[in-house]
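# A structural walkthrough
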Amino acid sequence: MKKKSWFGISILLSAGLIVSACTSNAENSNSLTFTTGTTTGVYYPLGALLATHWTNETEIDVSSQGSNGSVENLNLMKQGEADLAFTTVNIIWEAYNGVGSFESGAYEDIRILGNLYPNVSHIIASTDSGIAEISDILGTSFVPGAAGSATEIESKLILESHGVDIGQVNENYVGFTEAVDLMRNKQVDAVNIYTGVPASAATELISTVDSKVISFSDEGIANMTTDDYPWNFAYTIEEGTYDGQEGPIKTVGQFSSIAIDVNVDDDTVYEITKSLWESLDKLGEGHAVAKQFDPAEAVKGTADVPLHPGAERYYKEIGVLK
């Protein structure tokens, strides 16, 4: 088993919850470290909520840690500095197969605890930019996301699927908070806010900057949802989700997932999986996105990456798996 190190800083929720950092050690599965995301995304507060829930409702001490997102999270897990993490299925697939961001070596010990909710691309462009469709991003200033994030990787695929090479735009690799600031200061023309719906960063941006969410083309969606990208699916942001949105927005999503190291013992993973899915009403009171969680969806769209045996046991118990 991997020897894991002490790391992490306690995370402060806006509601005032503090989750203390603790030892990350797969051999001591009563103490787990959970890496999340940037402060303005869904992962950060949701991770703190889940860590607090697991610590209070089970005998497992879980601490949450902010990060730059999916790729960094899985690298921390691979290096033995975290036990579980938020990410998207495409990044888990890359890590498991040793491709893309993980060409230097596969992370064979990665497993899926469960898929949670659709992570959706919001391409938001300022009205002054003249961007009316994705292909118009050619030659403009664009924020693809933080370096090493799932947002960055998905943004490149979005542009390519609409005939735009990332080298044909003036890219700024920053997180959601910085992206919103750059838009406010008229330093960039468009951003990708890649997170759950409704996205707080998208709501904030649209309410403070004259901007709108841009629909994907049908051809672009088709290019992004081929067998080469088994994690992606077409997604519609319903009319009225954001201020001034007069019609539906066509985009693409994939599941946000909890990845976990196979060396975390089966009983521990079973307990946190059970506690997660049997506490949805309570979790929904803590964060609206938890209302989208559905155990029937938890094992779909995994792109053939294995479930952790402890999680698999719970899904078989409730009839989601045979």
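My aim in this report is to walk through the structure given alongside it, one point at a time. (Residues numbered from 1 in each chain as written. Predicted model: local features only at pLDDT ≥ 70, side-chain atom pairs only at ≥ 80, totals over all residues. Heavy atoms only, no water.)

### Quick look at the packing of aromatic side chains
All told, the structure shown has 10 aromatic pairs when counted by the stated rule. Note on phenylalanine 34 and tryptophan 54: the rings are 5.8 Å apart at their centroids and 45° apart in plane angle, and the pair reads as tilted. On the criterion of sequence distance, the pair formed by phenylalanine 34 in strand β3 (residues 31-35) and tryptophan 54 in helix α1 (residues 43-57) is long-range, its members being 20 residues apart. Judged by relative accessible area, which is 0%, phenylalanine 34 ranks as buried. Residue class for tryptophan 54 comes out buried when judged on its relative accessible area of 0%. Ring geometry for tyrosine 270 versus tyrosine 314: centroids 6.1 Å apart, planes at 65°, classification edge-to-face. With a gap of 44 residues between them, tyrosine 270 in helix α8 (residues 266-277) and tyrosine 314 in helix α10 (residues 309-317) connect regions that are remote in the sequence. The exposure class of tyrosine 270 is buried, given its relative accessible area of 9%. Aromatic rings pair up to connect Phe34, Tyr43, Trp54 and Phe86 into one cluster. The lysine or arginine in question, arginine 313, covers the ring of tyrosine 270, its NZ or CZ lying 4.5 Å from the ring centre. (Phe/Tyr/Trp six-rings, centres within 6.5 Å; stacked < 30°, edge-to-face > 60°. Helix = DSSP H or I, 4+ residues; strand = E, 2+ residues; numbered from the N terminus. Buried < 20%, exposed > 50% of the residue type's maximum accessible area, 1.4 Å probe, protein only. Lys NZ or Arg CZ within 6 Å of the ring centre and 35° of its normal.)

### Topic: the packing of helix α5 (residues 176-184) against helix α6 (residues 200-208)
Packed helix pairs are specified by the crossing angle of their axes together with the interaxial distance, meaning the distance between the axes. The N-to-C vectors of α5 and α6 enclose an angle of 10°; their axes lie 10 Å apart at closest approach. Classified by the interaxial angle, the pair formed by α5 and α6 is roughly parallel. For the pair α5 and α6, contact is made by Phe176, Val180, Met183 and Arg184 and by Ala201, Glu204, Leu205 and Thr208, respectively. When its residues are assigned to classes, the contact of α5 with α6 shows five nonpolar, one polar and two charged. (Axes fitted to C-alpha atoms, helices over the stretch in contact; angles between N-to-C directions. Parallel < 35°, antiparallel > 145°, perpendicular 65-115°, else oblique. Contact = heavy atoms within 4.5 Å. Nonpolar A, V, L, I, M, F, W, Y, C, P; charged D, E, K, R; others polar.)

### What about α1?
For α1, spanning 15 residues, the distance from its first C-alpha to its last is 20 Å, which sits close to the expected 21 Å at 1.5 Å a residue. With respect to burial, α1 is a largely interior element, 11 of its 15 residues being buried. Turning to α1, its buried residues are Tyr43, Tyr44, Leu46, Gly47, Ala48, Leu49, Leu50, Ala51, Thr52, His53 and Trp54. (Expected span 1.5 Å × (residues − 1).)

### Things to note about unusual backbone geometry
For the bond running from valine 197 to proline 198, omega is 0°, close enough to zero to count as cis. Relative to the helices and strands, proline 198 resides in the loop between β9 (190-195) and α6. Residues other than glycine seldom take positive phi values, yet lysine 186 does so here, at roughly 60°. Its identity as a non-glycine residue notwithstanding, alanine 303 has a phi of 55°, on the positive side.

### So, the pattern of salt bridges
Summed over all chains, the structure comprises nine salt bridges. For aspartate 267, the salt bridge goes to arginine 313, with nearest N and O atoms at 2.7 Å. Placement of the pair is aspartate 267 in helix α8 and arginine 313 in helix α10, with a sequence separation of 46 residues. Here glutamate 278 makes a salt bridge to lysine 274, at a shortest N to O gap of 3.2 Å. Classification of glutamate 278 by relative accessible area gives partly exposed; the value is 48%. Taken together, the salt bridges that share partners define one network made up of Asp181, Arg184 and Glu204. (Salt bridge = Lys/Arg side-chain N within 4 Å of Asp/Glu carboxyl O.)

So yeah, pure geometry; function would need other evidence.
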